[in-house]
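Understanding the architecture of this molecule
These are the residues of each chain, in order.
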Amino acid sequence: MSTLTLVAEVLVSALLLLGGVFAVIGSWGLAKLGNFFKRLHGPTKATTLGVGGILIASMLQQAAFGDGLSLRELLITVFLFLTAPVSAHLLAKAAMALEPGVRPAPPRHDD
Amino acid sequence: MIQTTLLLVIGLLAMALLLNLFRLLRGPSLPDRILALDTLYVNTIALLILDGMRAGSTIQFEAAVIIAMLGFVSTVVLSKYVLRRDIIE
């Protein structure tokens, strides 16, 4: 097995593992934290990064071992990066309207 | 090496899906459940891509694109309906 094939395999495996670990960390934060606004952090940041990593690994495997470079997986990654903040914003608006008791306290003035 | 890593990461993603299901069933309020549903969509995209890598075919990628678009639209529609009883203002 040539060195370039080995490097490509190691790179794809590392990206896959990193993406999977980030996805689990994001979902663990969603399951475990105490407040809705605290729970909003995990899926929007960590899960998006994790799925983006898995998609880039798929693109690399397609380029190194398959049919050649195709940017289709990059399409889903860009779409996720664009739409995750929009979803989070609308969910935060819905939560602030539905339950006024969960809102974080405004910053105090320490004069 | 890639096949072993694929199995491991499929297991990790299955665990993430179970955690999202827990939040979907448990979430004390409605925005919690909408957030859990959105995260289920995103994790399903990753699982489909992994299955496409494992089987060596590209049809799962098309399904992942469809789920990405429809998942985002469902989250937006649910949030706007819960907020204003009206989807297009």
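For the structure given in this document, a descriptive report is provided here.

Definitions and limits used
Within each chain, residues carry numbers counting from 1 in the order of the written sequence. Naming scheme: in the order in which they are written, chains are lettered from A and ligands are numbered from 1. This being a predicted model, a pLDDT of at least 70 is required before a residue's local features are given, and a value of 80 or more before pairs of side-chain atoms are given or counted; all residues contribute to the totals for chains, interfaces and linings. Side-chain metrics rest on all non-hydrogen atoms present in the structure, leaving aside hydrogens and water. Secondary structure is summarised from DSSP: a helix means a run of H or I of at least four residues, a strand means a run of E of at least two, and numbering begins at the N terminus for each. Both definitions apply: the radius of gyration is a C-alpha atom measure, and the globule rule equals 2.2 Å times residues to the power 0.38. Here the term buried applies to any residue with accessible area under 20% of the maximum for its type, exposed to any over 50%, and partly exposed to those in between, with areas from a 1.4 Å probe on protein chains only. Whether two residues touch is decided by their heavy atoms; if any such pair falls within 4.5 Å, the residues are in contact. Once two parts are put together, the accessible area they lose, assessed with a 1.4 Å probe and summed over both, is termed the buried area. We define a salt bridge as a side-chain nitrogen of Lys or Arg found within 4 Å of a carboxyl oxygen belonging to Asp or Glu. Here a polar contact means two N or O atoms within 3.5 Å. Within protein one must be a hydrogen donor candidate and the other an acceptor candidate, and residues neighboring in sequence count only if both atoms are side-chain atoms. The criterion is simple. A nonpolar core is a set of buried Ala, Val, Leu, Ile, Met, Phe, Trp, Tyr and Cys residues joined through side-chain atoms within 4.5 Å. Lining residues are those with an atom within 4 Å of a point, where the points come from a 1 Å grid over the protein atoms alone and group into cavities, where a 1.4 Å probe fits but cannot get out, or pockets, open sets with protein on both sides within 12 Å along at least five of seven lines. Grid points are joined across faces, edges and corners, and a volume is the space filled by probe spheres set on the points. Each residue is assigned to one of three groups, with Ala, Val, Leu, Ile, Met, Phe, Trp, Tyr, Cys and Pro labelled nonpolar, Asp, Glu, Lys and Arg labelled charged, and all others, Gly among them, labelled polar.

Let's shift gears to the overall build of chain A. From N to C terminus, chain A includes 4 helices and 0 strands. Each helix and strand of chain A, placed in order from N terminus to C terminus, yields the pattern α-α-α-α. Whereas a compact globule of 111 residues would reach a radius of gyration of roughly 13 Å, chain A reaches 19 Å, over 25% beyond that. Taken over the C-alpha atoms alone, chain A extends approximately 65 × 30 × 20 Å along its principal axes. Per-residue burial over chain A gives 43% buried out of 111 residues. Partitioning the contacts of chain A with sequence separation of at least 6, the portion at a separation of at least 24 is 65%.

Now for the interface of chain B and chain A. Taken together, the contact pairs 45 residues of chain B with 46 residues of chain A. Summed over both sides, the interface of chain B with chain A buries roughly 3,900 Å², with 79% coming from carbon and sulfur. Salt-bridge contacts for Arg-39 of chain A lead to Asp-32 of chain B; the nearest nitrogen and oxygen are separated by 2.4 Å. Inspection of the chain B/chain A interface yields 8 residue pairs in polar contact (both at pLDDT 80 or more).

Side chains that are nonpolar tend, in soluble globular proteins, to be buried together. One finds Leu-16, Val-51, Ile-54 and Ile-76 of chain A together with Leu-13, Ile-45 and Leu-50 of chain B to be the most contacted residues of the largest nonpolar core, which totals 27 residues. Looking at this core, the elements that each hand over two or more residues are helix 1 (3-32), helix 3 (41-65) and helix 4 (72-98) of chain A together with helix 1 (2-26), helix 2 (30-55) and helix 3 (59-84) of chain B. If you tally residues by element for this core, the top one is helix 2 of chain B, at 7 residues. Grouped together as the second largest cluster of nonpolar side chains are 8 residues, Phe-37 and Leu-91 of chain A together with Ile-34 and Leu-35 of chain B included.

Next up on the list: the layout of surface pockets. Estimated volume of the largest pocket: approximately 260 Å³. The wall of the largest pocket is formed by 18 residues, among which Gln-62 of chain A together with Gly-52, Gly-56, Ser-57 and Thr-58 of chain B lie closest to the centre. Elements with a contribution of two residues or more to the lining of the largest pocket: helix 3 and helix 4 of chain A together with helix 2 and helix 3 of chain B. Within the lining of the largest pocket, the residues separate by chemical class into 5 nonpolar, 10 polar and 3 charged.

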